[in-house]
Amino acid sequence: MSENESSVSICGRKVFFLNPLPPIQNIVVDELIQREYEAYIVNDRAALKRVLKDSPGSIIFVDIDQVIGEKEWESWIREITTSGELQDTRIGILTANRNDALQNKYTNVLHLPCGYTMIHRDLNITTAQVVNILNANDAKGRRKYLRTSMGKEALAVVNFPIGGRFIGGSIKDISTAGFSCAFVEDPGFSKNSAFSNVQIKLKHIILNVEAVIFGSRTEGNNKVYVALFTDRLSPDSKVKIRKYIQSNLQEKVDALMV
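About the cut-offs
Residues numbered from 1 in each chain as written. Predicted model: local features only at pLDDT ≥ 70, side-chain atom pairs only at ≥ 80, totals over all residues. Heavy atoms only, no water. Salt bridge = Lys/Arg side-chain N within 4 Å of Asp/Glu carboxyl O. Helix = DSSP H or I, 4+ residues; strand = E, 2+ residues; numbered from the N terminus. Buried < 20%, exposed > 50% of the residue type's maximum accessible area, 1.4 Å probe, protein only. Pairing = 2+ DSSP bridges.

1. A closer look at the pattern of salt bridges
- Taken as a whole, this structure holds 18 salt bridges when the rule is applied.
- As a salt-bridge pair, Glu 219 and Lys 172 come within 3.7 Å of each other at their nearest N and O atoms. Linking Glu 219 in strand E11 (residues 205-219) with Lys 172 in strand E8 (residues 165-174), this pair joins segments that are 47 residues apart in sequence.
- Classification of Lys 172 by relative accessible area gives partly exposed; the value is 29%.
- Residues joined in a network through salt bridges with shared partners are Arg 147, Lys 172, Asp 173, Arg 217 and Glu 219.

2. Some remarks on the pairing of strand E7 (residues 156-162)
- Sheet analysis places E7 next to strand E10 (residues 194-202), joined by four bridges and oriented antiparallel. Of the residues in E10, the one forming a bridge with Val 158 is Ile 200.
- Pairing analysis gives six bridges linking E7 to E8, with the strands arranged antiparallel. In the sheet register, Val 158 faces E8, and the bridge partner there is Gly 169.
- Hairpin remark: E7 followed by E8, antiparallel, with two residues in the connecting loop; positive phi at Gly 163, about 55 degrees.

Below, the structure written as structure tokens:
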């Protein structure tokens, strides 16, 4: 197994929607995020081609009804599928065009691994079709949860209640399973320490959760604690965390597209 194949097997595939209509963005992509797929919206095909070089094994759903003509889309798709650098990129078509000749070309001539998906009036049906394609292409790999790292994000903080006061730290990364965090002064948490009423702030999102210290690691001169959410994490909190993760990851991809 190559290094790229190993990475995809462990971390899954990035899923890009190229020039999607607003309903696809607001319903289909949002639902994929809630199902823990790593999905992005992009509108610049030239910039996407650059990004793909650092994202081996990605999946692209191209809306061939948008921006340029079908012949131009065919040419762009052929460029991707014949590029040695992007040979493991997997493309699928999203379209409202019920055209048997087009469908035959993309599925039986170009043999696109992610097929030809008709956009249904009921977008729940479209979502289900896309999910089936993603699962057939092992889009999640062995990854169970979508996670984002904060870097130097200043507006992702956590406050632990200790002895009638709160001790604040910075969140390093987060998923719906848990988060890691660091403090200016080490609070000395022990493994399996349980906390209720932990306050998390992710930009404008504020959550109150229960968490258990899973362990710690050393990063430079700092001790980083890993905390897991309890099974009492509410569905609403999970939705908000996933929305934050998607926004954070989308910002990182947008920065690469410039």
